[in-house]
Amino acid sequence: MFQIFTDFASWLTYQLLGLASETKLADAVHFFIEDVSKIFVLLVVMIYLIALMRASLNVEKVRDYLQKKHKGVGYLMGSSFGAITPFCSCSSIPVFLGFTSAGIPVGITMAFLITSPLINEVAILLLMSLLGFKFMVLYVFVGMSIGILGGLFLDAIKAERWLQSFAAEALVRGQSQTESQKSTPQETERLSIKERHQFAKTEAFDIFGRVWKWVIIGVGLGAALHGFVPDGWIETHLGDGQWWSVPAAVFLGIPLYSNATGVIPIMESLITNGLPVGTTLAFCMSTVAASLPEFILLKQVMQWRLLAILFATLLFAFTCVGWIFNAFTPFL
Amino acid sequence: MKNIKVLGTGCSKCKNTIVLITQVAEQLEVAINLEKVEDPNQIMMYGVMSTPAVMVDEVIVHKGGIPTKEEITSWISDT
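Residues numbered from 1 in each chain as written. Chains lettered and ligands numbered in written order. Predicted model: local features only at pLDDT ≥ 70, side-chain atom pairs only at ≥ 80, totals over all residues. Heavy atoms only, no water.

(A) Representation of the overall build of chain A within the structure. When its secondary structure is counted, chain A shows 16 helices and 0 strands. A globule of 332 residues ought to have a C-alpha radius of gyration of about 20 Å, and chain A, at 21 Å, matches this closely. Principal-axis analysis of the C-alpha atoms places the extent of chain A at approximately 75 × 50 × 35 Å. Partitioning the contacts of chain A with sequence separation of at least 6, the portion at a separation of at least 24 is 83%. Separation between the mean location of the 21 positive side-chain charges and that of the 22 negative ones in chain A comes to 11 Å. (Helix = DSSP H or I, 4+ residues; strand = E, 2+ residues; numbered from the N terminus. Rg over C-alpha atoms; globule rule 2.2 N^0.38 Å. Contact = heavy atoms within 4.5 Å. Lys, Arg positive; Asp, Glu negative; His and termini not counted. Charge placed at Lys NZ, Arg CZ, Asp CG, Glu CD.)

Laid out in structure tokens, this is it:
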């Protein structure tokens, strides 16, 4: 199915640009063209199709649903919804407060918010087409586990103690509501095909407009690695034997900020160049989910102490993911 | 004169929404009272979870993205 992109890249690289095959430069250019064209087409088509299906899903519905769930199921559902519900990262504060004031426990809200940047439909698609089905499943499993375990941990340490006072009060108010007072779910609007199409079209253009430059940067870096870093260099210097390479990768990811779409092409080339899977995962998750500007925004609803705990928890989780995967790669 | 509020925690989409509303109002030569609500506590009180959201005379008319020019025109032009 993807052969057409390989052919297109070959034609452009060898015929049109006249680069001699087998050279490093041609190799890099070919990789770049093939991946960029493939990802662009996939993005537009798939975002459109997925948006058609989930046109009627929104954070308000998720809130109403989670409000009625028992704790155990709540974590799993919170994390799953985080994976599939779209929302702009600039909405994380209002979403946090909306959930909190509905009486949803902080742990479940955080399971939603932690999973959300890590997993989304675009990331899943890219992983599947670039790194294969098995890796995609692995990634989703790890992403959701981090969300759920992170949420459970915050619940265990009673994280609500360290909310800003107005948020803490909203939580108490929300939890003291009786069943009947709880917000009645909005009547499900039935969307016509035309409305769904409109939503999906806007969504496809909107997401594409935001992420295309990340794809170029991501694939460009990937191409550079692909063509110019000598084969085996990464494996020798950052391979399994070096335990410190995982935490180093996590720390390297903090100042870097990208969404999952931009980082996945980099992931592909890191892995094919011999960087262990665990180290790669750790680096990418840290880049996507642990970004300082985002965390500073959360200061509006959390006290420093909780922010620091949350940040440390994420870094610790990513490091563990890296080590565990590196240890188990031989058995995969 | 209509009171328009834009709710949002200061992301670029919220800023663009404000700019766009100002532009449309100027084009139509309609005087409006435009206010930016950035305080998370207030946004929560309005029950808004997707920003930017727009309120016209205390009624939420839009949320979760930058509105189109047509939408803005329909809010601020008098009927």
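Here the narrative resumes.
(B) How the structure looks around the pattern of salt bridges. On inspection of all chains with the given rule, the structure shows 4 salt bridges over all chains. For Glu 60 of chain A, the salt bridge identified is with Lys 63 of chain B, shortest N-O distance 3.2 Å. Of this pair, Glu 60 of chain A sits in helix H3 (residues 59-67) while Lys 63 of chain B sits in strand E4 (residues 59-63), placing the two residues on different chains. A salt bridge links Glu 38 of chain B to Lys 36 of chain B; the shortest N-O distance between them is 3.9 Å. Residue class for Glu 38 of chain B comes out partly exposed when judged on its relative accessible area of 36%. (Salt bridge = Lys/Arg side-chain N within 4 Å of Asp/Glu carboxyl O. Buried < 20%, exposed > 50% of the residue type's maximum accessible area, 1.4 Å probe, protein only.)

(C) Fine view of the sheet that holds strand E3 (residues 53-56) of chain B. All names here are of chain B. One open sheet holds the 4 strands; their spatial order is E2-E1-E3-E4, and the pairing between them is mixed. Edge positions in the open sheet fall to strand E2 (32-37) and E4, since each of these has one partner strand only. Each neighbouring strand pair of the sheet contributes to a mean axis angle of 25°, computed without reference to strand direction. Where E3 meets E4, 4 bridges bridge the pair, whose relative direction is antiparallel. By the bridge assignment for E4, Val 56 is matched with Val 59. Contacts from helix H1 (residues 12-28) reach strand E1 (2-7), E2 and E3, with the element oriented near 175° to E2. (Pairing = 2+ DSSP bridges. Axes fitted to C-alpha atoms, helices over the stretch in contact; angles between N-to-C directions.)

(D) Expanded view of the packing of aromatic side chains. All names here are of chain A. Taken as a whole and assessed by the stated rule, the structure comprises 5 aromatic pairs over all chains. Considering the side-chain rings of Phe 99 and Phe 112, the 5.0 Å spacing of their centres and the 55° angle between planes classify their relative orientation as tilted. Separated by 13 residues along the polypeptide, Phe 99 in helix H5 (residues 92-101) and Phe 112 in helix H6 (residues 106-118) bring together distant segments of the chain. (Phe/Tyr/Trp six-rings, centres within 6.5 Å; stacked < 30°, edge-to-face > 60°.)

(E) Fine view of the pairing of E2 of chain B. Residues and elements named next belong to chain B. Strand direction decides the pairing type here: E1 and E2, joined by 6 bridges, are parallel. Within E2, the position partnered with Val 6 by the bridge is Lys 36. The β-α-β motif built from E1, the intervening H1 and the parallel element E2 has right-handed crossover chirality. (Right-handed = clockwise from strand over helix to strand, strands pointing away.)

(F) Geometry of H6 of chain A. Residue and element names in this part refer to chain A. With 13 residues, H6 should cover 18 Å at 1.5 Å per step; its first-to-last C-alpha distance of 19 Å lies within 8% of that length. Counting buried positions along H6 gives 12 out of 13 residues, so the element sits mostly inside the fold. Regarding H6, the residues found buried are Val 106, Gly 107, Ile 108, Thr 109, Met 110, Ala 111, Phe 112, Leu 113, Ile 114, Thr 115, Ser 116 and Leu 118. (Expected span 1.5 Å × (residues − 1).)

(G) Inspection of the side chain of Ser 50 of chain B at higher detail. As for its placement among the helices and strands, Ser 50 of chain B is situated in the loop between helix H2 (40-45) and E3. Other than its neighbours up to four places away in sequence, Ser 50 of chain B contacts Val 59, Glu 60 and Ser 91 of chain A together with Lys 63 and Gly 64 of chain B.

(H) Representation of H1 of chain B in the model. Between its first and last C-alpha atoms H1 of chain B spans 24 Å; for 17 residues at 1.5 Å apiece the expected length is 24 Å, and the two agree. Among the structural elements, helix H10 (193-228) of chain A together with E1, E2, E3 and helix H3 (69-76) of chain B are those in contact with the buried residues of H1 of chain B.

(I) Geometry of the environment of Ile 266 of chain A. Residues and elements named next belong to chain A. For Ile 266, the position within the fold is in helix H13 (residues 260-272). Residues Ile 266 and Leu 97 lie 169 residues apart in sequence; the distance between their C-alpha atoms is 34 Å. Residues in contact with Ile 266, not counting those within four places in the same chain, are Gly 218 and Leu 221.

(J) Spatial organisation of the nonpolar core. With 94 residues, the main nonpolar core has Met 110, Ile 146, Leu 281 and Met 302 of chain A as its most contacted residues. Ignoring anything within four residues of it in the chain, the contact list for Ile 146 of chain A reads Ile 114, Met 285, Leu 314, Ala 317, Phe 318 and Val 321 of chain A. With 13 residues, the next largest nonpolar core counts Val 6, Leu 20, Ala 25 and Ile 32 of chain B among its residues. (Core = buried A, V, L, I, M, F, W, Y, C linked by side-chain atoms within 4.5 Å.)

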